Number of protein chains: 2
Amino acid sequence: MSGRKRVYLAGPEVFLRNASEVMARKGQMALDFGFEPSTLAEDGVKLSGNTPHEFGMSIGVANETMMDASDFIIANLTPFRGISADVGTAFEVGYMRAQGKPCFGYTNTDRDYYTRLTVDYYSGGPFEEDGDVIRARDGLMIENHTMIDNLMLDTAIILSGGSFVAKEVSGQGVDDELSAYHDALVAARAFFDAQK
Amino acid sequence: MSGRKRVYLAGPEVFLRNASEVMARKGQMALDFGFEPSTLAEDGVKLSGNTPHEFGMSIGVANETMMDASDFIIANLTPFRGISADVGTAFEVGYMRAQGKPCFGYTNTDRDYYTRLTVDYYSGGPFEEDGDVIRARDGLMIENHTMIDNLMLDTAIILSGGSFVAKEVSGQGVDDELSAYHDALVAARAFFDAQK
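Let us look at the structure shown here.

So, how was this worked out
- Residues numbered from 1 in each chain as written.
- Chains lettered and ligands numbered in written order.
- Predicted model: local features only at pLDDT ≥ 70, side-chain atom pairs only at ≥ 80, totals over all residues.
- Heavy atoms only, no water.
- Phe/Tyr/Trp six-rings, centres within 6.5 Å; stacked < 30°, edge-to-face > 60°.
- Buried < 20%, exposed > 50% of the residue type's maximum accessible area, 1.4 Å probe, protein only.
- Lys NZ or Arg CZ within 6 Å of the ring centre and 35° of its normal.
- Helix = DSSP H or I, 4+ residues; strand = E, 2+ residues; numbered from the N terminus.
- Expected span 1.5 Å × (residues − 1).
- Contact = heavy atoms within 4.5 Å.
- Least-squares fit on C-alpha atoms with pLDDT ≥ 70 in both.
- Axes fitted to C-alpha atoms, helices over the stretch in contact; angles between N-to-C directions.
- Parallel < 35°, antiparallel > 145°, perpendicular 65-115°, else oblique.
- Left-handed = near helix turned anticlockwise from the far one by under 90°.
- Nonpolar A, V, L, I, M, F, W, Y, C, P; charged D, E, K, R; others polar.

All names here are of chain B. Scanning all chains against the criterion turns up 22 aromatic pairs over all chains. A ring pair is formed by F191 and F192, whose centres lie 5.0 Å apart and whose planes are at 90 degrees; its orientation type is edge-to-face. For the pair formed by F191 and F192, the shared burial category is buried. A cation sits over an aromatic face here: K26 above Y181, 4.7 Å from the ring centre. The ring centre of F15 lies 5.0 Å from the NZ or CZ of R81, which sits over that ring.

Following this line, the structure appears as structure tokens:
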């Protein structure tokens, strides 16, 4: 057990109706690939603190502690309540990246950020040309870096030596479809095996 | 100049029509408070790379380099293209937090995450009770930690010794109204003065 790399499993699964089941399956799959999964905090932590705010903080503290103790991260970056990844998960990728740890991500859609932005968020336009850039009706620039999500996420994952798996899955959204997660595990296993 | 703390100014202002003007004003205000602002990367970096993807990565690399060289962060966490902060900015707060640097944030609204989630995103319901929790029509749990945004952001800012300013401003949204930013500068100045 001592040689196993410890993986921090990040993502908004805790909000699912079958959160415990999904998180247990993700943990088992990580084990099957020879990794030691850090149980997602919100599932294991007992309600602590006298207020909802203190309880929330206790989850945040537990997550930071688990990240500090983990060797790498696999982040579920499937769009959550909007066109981008869950901001808590994005925070966690940044946290692990700053510690120089490999960052892996996956998303249950193969539609890139530009598509989600222009089609889903802005309903296909209208857009205007403004010099070298394109702007939406709210005046905001429409960026197209041909990336999966925000450039900080894509860049950090690549620079860290990790992979960002974007795969259209049957269920879509943040659900219990774990084939993209599986592919991220495959990539992580290959990464660590190559270091031996 | 040598004693000045260097602040990384994070936020999605680069997408604004008047991005250069807003970023210049934010930089000047930081100077007025005795801080050394790191110019936001996307404004200063020349187009590099042969593809949009390489250009995007060059921005990501520049931002990471500037964060490494900065003493603290002030992040514009105003909801961006949805009900939460820009995910790139959330990534950056996590990055700076992991380096043990003070994190300050602000948002141009005083409506908390729970309100934005239940009223703006879910249009007021319907919601169902499921044991101890509330769920929306999509089955996702509705959390209420009485926090300004995702608990990882709120927790990190507080634990780091920083402040998260939530202030309803006239213009709303991500715009050139900088009074919440001003209040974050006041808080940061007080934080560093107290360390002397």
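Attention now moves to helix α7 (residues 179-195) of chain A. All names here are of chain A. Over its 17 residues, α7 runs 25 Å from end to end, which matches the ideal 24 Å to within 8%, given 1.5 Å per residue. When we look at burial in α7, the residues that qualify are A180, Y181, A184, L185, A187, A188, R189, F191 and F192. Turning to α7, the residues buried within the fold contact β1 (6-10), α1 (19-32), β3 (72-76), β4 (103-107) and β8 (164-166).

Attention shifts here to the relation of the copies chain B and chain A. Placing chain B over chain A gives an RMSD of 0.0 Å and needs a rotation angle of 180 degrees, together with 0.0 Å of translation along the axis. Seen this way, the second copy is the image of the first under a two-fold rotation axis. An overlap of 100% is found between the interface residues of chain B and their copies at the interface of chain A, pointing to a shared contact surface.

Once that is clear, we can look at the packing of α1(A) against α7(A). Residue and element names in this part refer to chain A. At a minimum axis distance of 10 Å, the contact between α1 and α7 shows a crossing angle of 30 degrees. Classified by the angle between their axes, α1 and α7 sit roughly parallel to one another. Relative to α7, α1 is oriented so that their crossing is right-handed. Of α7, the residues touching α1 (which contributes K26, M29 and A30) are Y181, H182 and L185. Taken together, the residues that form the contact of α1 with α7 break down as four nonpolar, one polar and one charged.

Any link to function would need more than the numbers given here.
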